[in-house]
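Observations on the three-dimensional arrangement
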Amino acid sequence: MTVRTRFAPSPTGFLHIGGARTALFSWAFAKKHGGDFILRIEDTDVARSTPEAVQAILDGMQWLGLDYDEGPFYQMQRMDRYKEVIQTMLDAGSAYYCYSSREELDALREQQMANKQKPRYDGKWRPEAGKVLPMPPAGVAPAIRFKNPVDGVVAWDDMVKGRIEIANAELDDLIIARADGTPTYNFCVVVDDSDMGITQVIRGDDHVNNTPRQINMLKALAELDAKIVIPQYAHLSMILGNDGQKLSKRHGAVSVMQYDDDGYLPEAVINYLARLGWSHGDEEVFSKQQFAEWFDLDHITPSAAQFNTEKLNWLNAHYIKQADNAYLVKDITKRLAKLGVAISEQPALPAVIDLYKERANTLNELAASIAYFYQNPIIDEASAEKHLTAEIKPVLAALVQSLRSIDWQAEAIHHQIEAAVTSNSLKFPKVAMPLRVMLTGIAQSPSIDQVMALLGKDEVLARVNSALK
RNA sequence: GUCCCCAUCGUCUAGAGGCCUAGGACACCUCCCUUUCACGGAGGCGACCGGGGUUCGAAUCCCCGUGGGGACGCCA
């Protein structure tokens with residue numbers, strides 16, 4: 001049987017890091033087994049679903065390069081199918097109308113909570129052999145409930161967590177269609193996973209509690225249609241924030257696109273996410289393709305994982321070093337523009353990037369650190385005070401003169417600095433440091449002769465002269 | 001409250017009863033490289049939640065405890 005996995009987000013917000021990892025693992029499992037990865041949008045909560053959120057999810061997946069073989073399918077476009085299945089369940093007696101009002105149900109729940117009981121439906125409208133149902137109240141539109149088995153246990157071998165067993169006595173009759181006729185989540189998932197031939201359901205472990213209900217519905221459906229099979233389930237643990245706290249809208253949950261904004265490469269985010277809760281021996285750095293070849297459910301950690309920006313930074317720095325310059329030039333030009341810096345012909349951006357790409361954790365850092373090539377540097381006062389001393393200024397003034405006539409190459413520049421250093425019996429940094437501050441604004445830069453070579457003779461002379469005034 | 005899940009360095013993890021004196025990676029520290037800062041290289045610090053079993057032998061299996069998390073909607 002061909003492997004078919006799916007990612008099924010509800011479009012009520014952006015694609016966050018947890019969803020992205022779920023999608024990545026589902027994608028990888030399908031790729032590993034030569035199967036199909038399906039995207040399904042679970043938009044039955046009309047009140048909270050938005051087209052913007054759908055787009056945000058699509059954008060996030062595209063940025064990460066998680067391509068799907070089928071979809072996106074929209075549940076709202078499958079209403080007829082859901083209603084059809086509900087009717088067959090009603091006919092077969094595995095579903096029934098429930099006339100309990102929301103108020104009634106709320107009161108029941110509250111009372112049960114007060115009695116320290118597990119809140120559950122009391123079965124008032126559940127048909128039972130020999131049971132006399134109350135008269136349906138007039139003018140009340142009924143919801144439809146699934147008739148869950150009362151006895152026995154539901155069990156499955158979770159591919160991440162191992163065998164999980166839940167007593168049917170713990171479950172109640174969930175609503176599969178609202179009073180207005182729209183089907184609810186657990187039911188739609190069952191119909192879709194079944195119709196779409198999903199073989200492995202890989203999802204967040206907040207769904208563990210839904211699984212027994214879904215299996216029971218699948219079993220009921222299978223009695224009506226022998227072709228229906230129960231998929232395998234794999235429940236991924238959640239991702240915690242940097243501080244070990246749960247991610248939420250209020251606390252640290254951000255869109256994957258935020259990582260783009262913040263200067264992270266998708267390769268780095270993919271690599272990082274892959275290693276969060278999954279491992280392949282001691283392997284740390286690998287591509288998406290390599291991940292897809294290695295991926296397996298046996299090496300997923302069942303426990304929650306804490307996000308660690310520092311490790312992401314390390315990976316990102318690695319991928320920036322690896323990135324090809326054409327890509328970086330395009331990207332950095334954009335980021336510089338955002339900083340209000342327009343690049344000019346000279347110094348050539350590829351050369352500047354070459355000089356700096358080994359020094360940045362993020363693309364934003366890279367852009368910010370080279371801005372001084374295209375605009376006057378903002379001189380750091382403390383550095384200026386420390387390095388640009390009264391004693392060294394005459395040396396620098398003389399050095400500038402000697403630089404006027406030389407061939408503007410890093411080596412020649414180095415020679416001149418060296419000459420100034422020896423003739424004044426100084427140490428190299430004594431001269432290099434003030435130059436750094438005058439030219440770049442700060443006391444850290446790549447090799448100063450290379451910086452000067454790139455900056456250009458005129459610009460160097462202008463900046464030094466202006467700083468010496 | 002009930003049910004379910006989880007538990008190895010600060011963090012991500014390796015670990016399938018002897019290969020474990022518990023390995024790797026990030027972070028941190030030291031040294032080397034050096035023209036400052038990075039990069040790179042070498043080293044260091046640092047963990048099996050607790051208690052009982054099972055076994056010749058347990059990080060690994062079982063039980064109890066503790067701690068953390070999730071779920072209990074006409075949300076998904």
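Here's a quick rundown of the structure.

Quick notes on the rules
- Residues numbered from 1 in each chain as written.
- Chains lettered and ligands numbered in written order.
- Predicted model: local features only at pLDDT ≥ 70, side-chain atom pairs only at ≥ 80, totals over all residues.
- Heavy atoms only, no water.
- Salt bridge = Lys/Arg side-chain N within 4 Å of Asp/Glu carboxyl O.
- Helix = DSSP H or I, 4+ residues; strand = E, 2+ residues; numbered from the N terminus.
- Near = heavy atom within 4 Å.
- Polar contact = N/O pair within 3.5 Å; in protein donor to acceptor, adjacent residues only side chain to side chain.
- Nonpolar A, V, L, I, M, F, W, Y, C, P; charged D, E, K, R; others polar.
- 1 Å grid on protein atoms, 1.4 Å probe; cavity = no way out; pocket = protein on both sides within 12 Å on 5 of 7 lines; lining within 4 Å.
- Points joined across faces, edges and corners; volume = space filled by probe spheres on them.

1. Here's the deal with the pattern of salt bridges
- Under the definition given, this model contains 27 salt bridges.
- With its nearest N and O atoms 3.0 Å apart, the salt bridge here joins E104 to K124. Of this pair, E104 sits in helix α4 (residues 102-114) while K124 sits in the loop between α4 and β5 (143-146), and the two are 20 residues apart along the sequence.
- Across the salt bridge formed by R163 and D157, the nearest N and O atoms sit 3.2 Å from each other.

2. Considerations on the protein's contact with RNA strand B
- In the vicinity of RNA strand B, 62 residues are found, and the nearest of them are D45, K116, R178, R359 and S445.
- Near the protein, within 4 Å, the atoms of RNA strand B are sugar or phosphate in 70% of cases.
- A distance of 2.9 Å separates a base oxygen of RNA strand B from a polar backbone atom of A179.
- In this structure, a sugar or linking oxygen belonging to RNA strand B sits 3.2 Å away from a main-chain N or O atom of K311.
- Mapped onto the surface near RNA strand B, the elements with two or more residues apiece are α4, β7 (162-167), α5 (185-195), β12 (305-306), α10 (309-322), α17 (428-440) and α18 (448-455).
- Of the residues that constitute the surface near RNA strand B, the class distribution is 19 nonpolar, 20 polar and 23 charged.

3. Looking at the layout of surface pockets
- In this model, the largest pocket occupies a volume close to 1,600 Å³.
- Elements that contribute at least two residues to the lining of the largest pocket include exactly β1 (4-7), α1 (17-32), α5 and β9 (200-204).
- Residues of the lining of the largest pocket, tallied by class, amount to 16 nonpolar, 17 polar and 12 charged.
- Roughly 480 Å³ of internal volume is contained in the second largest pocket.
- Lining of the second largest pocket is provided by 21 residues; of these, R102, L105, R109, R145 and I175 occupy positions nearest its centre.
- A per-element tally of the lining of the second largest pocket places α4 first, with 6 residues.
- Per-class residue counts for the lining of the second largest pocket are 10 nonpolar, 4 polar and 7 charged.

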